[in-house]
Amino acid sequence: MHYSLCDTVADIVQNSVEANATLVEVELTETENNLIVYVRDNGCGMSAEDIKNAQNPFYTDGVKHPKRKIGLGIPFLIQTVNATQGEYKIDSELGKGTTVYMMFNLQNIDTPPLGDVSGMFRQLLLFKNQNPDYELKISRKKQTAAVKKKYDLSRNQLKEILGDLENGKNLMLLGDFLKSQELSD
């Protein structure tokens, strides 16, 4: 199991980016009781057999990571939702893309902490694939009794404004911006 829910989400998003998608969309909604996440991509997609294999921690096709003998992203997701009264669903079509739905029960005592949302978003925005100009869109909503917020991010818009996202100064600005979005109401 991952240390935080953000680690789990980042792992699933990395799969989408590595599927050579030109568009990856992350929708993260937090309520009093649940964290609901959708990760959608237009990458290479998976067959029904690929989805079944991806759920097996002891399976790897040897293509994506030739030296690895196991793949744990989806199995960790399954372990977390099963242990904490959550839900998940994977829909995919070869050549069209994949959607992963995750619902984490924030009230379950065994649910890992949410983690650093702004830090996770910065990590996601830095993922690379074969197309350096792929788009990553993030939609963040928080609807609790204490906080109501919504904001959207676009990797390409941020690159247009900040320039190179790997530049140290730009990374600091990006981090500060993302933290401000999490703090604002």
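Colleague: Even after reading the chapter, I still don't get the pairing of strand β5 (residues 135-143), so can you show me in this structure?
Modeller: For a regular strand, side chains alternate in direction, first toward one face of the sheet and then toward the other. As judged from the nine bridges shared by strand β1 (residues 23-31) and β5, these two strands associate in the parallel manner. Bridging across to β5, E27 finds its partner in S139. Bridge count for β5 against strand β6 (residues 148-154) is seven bridges, and the pairing is antiparallel. Bridging from a neighbouring strand, Q143 pairs with K148 of β6. Taken together, β5 and the strand that follows it, β6, pair antiparallel across an intervening segment of four residues.

Colleague: Just checking my understanding: could you explain helix α3 (residues 73-83) for this structure?
Modeller: Every α-helix winds through 3.6 residues per turn, so residues three or four apart in the chain are directed the same way. For α3, the set of buried residues is G73, I74, P75, L77, I78, T80 and V81. Looking at the buried residues of α3, the elements they touch are α1 (5-18), α2 (48-54), β3 (87-93) and β4 (97-105). Among the residues trailing α3, Q85 stands out with phi positive, at a value near 60°.

Colleague: Please clarify how the environment of Q130 should be interpreted in this entry.
Modeller: With respect to the element layout, Q130 can be found in the loop between α4 (117-126) and β5. Residue classification places Q130 among the exposed residues on the basis of a relative accessible area of 72%. Distance from Q130 to A19, taken between C-alpha atoms, is 9.3 Å for residues 111 residues apart in sequence.

Colleague: Whenever I open this one, the confidence of the model for the protein chain confuses me. Can you help?
Modeller: Interpretation of this model should avoid reading the predicted coordinates in detail wherever pLDDT is low. On average, residues of the protein chain carry a pLDDT of 89, and 90% of them reach 70 or more. This model gives residues 65-70 a pLDDT under 50, and the stretch forms eight contacts once residues within four places in sequence are excluded.

Colleague: Is there a simple way to explain the packing of aromatic side chains in this structure?
Modeller: Each aromatic ring pair is described using two quantities: the centre-to-centre distance and the angle formed by the ring planes. The tally for this structure, following the rule as stated, stands at two aromatic pairs. Between the aromatic rings of Y38 and Y101, the centroid separation amounts to 5.2 Å while the plane-to-plane angle is 45°, which identifies the pairing as tilted. A residue pair is termed long-range when its members are at least 10 positions apart, and Y38 in strand β2 (residues 34-41) and Y101 in strand β4 qualify at 63 residues. Residue classification places Y101 among the buried residues on the basis of a relative accessible area of 18%. Pairing F121 with Y151 gives two aromatic rings, centres 6.4 Å apart and planes at 85°, and the pair type is edge-to-face. With F121 in helix α4 and Y151 in strand β6, the pair connects residues that are 30 residues apart, well separated along the chain. Among the residues examined, Y151 registers a relative accessible area of 6% and is labelled buried. The side chain of R155 reaches across the aromatic face of Y134, ending 4.2 Å from its centre.

Colleague: Explain the nonpolar core here, please?
Modeller: As a rule of thumb, nonpolar side chains are buried together in soluble globular proteins. V13, M102, F121, L124 and L136 are the most contacted members of the largest nonpolar core, which totals 39 residues. Of the residues forming this core, the biggest block, seven residues, is contributed by α1.

Colleague: Before we go on, may I ask you to explain the pattern of salt bridges in this structure?
Modeller: Should their charged atoms come close, side chains of opposite charge can pair. This model, assessed by the stated rule, comprises eight salt bridges. One salt bridge connects R40 with E27, and the closest N-O pair in it is separated by 3.3 Å. Taken together, the residues R40 in strand β2 and E27 in strand β1 connect sequence positions 13 residues apart. Relative accessible area serves as the criterion here: at 27%, R40 is assigned to the partly exposed category.

About the cut-offs
Residues numbered from 1 in each chain as written. Predicted model: local features only at pLDDT ≥ 70, side-chain atom pairs only at ≥ 80, totals over all residues. Heavy atoms only, no water. Pairing = 2+ DSSP bridges. Helix = DSSP H or I, 4+ residues; strand = E, 2+ residues; numbered from the N terminus. Buried < 20%, exposed > 50% of the residue type's maximum accessible area, 1.4 Å probe, protein only. Contact = heavy atoms within 4.5 Å. pLDDT = per-residue confidence, 0-100. Phe/Tyr/Trp six-rings, centres within 6.5 Å; stacked < 30°, edge-to-face > 60°. Lys NZ or Arg CZ within 6 Å of the ring centre and 35° of its normal. Core = buried A, V, L, I, M, F, W, Y, C linked by side-chain atoms within 4.5 Å. Salt bridge = Lys/Arg side-chain N within 4 Å of Asp/Glu carboxyl O.

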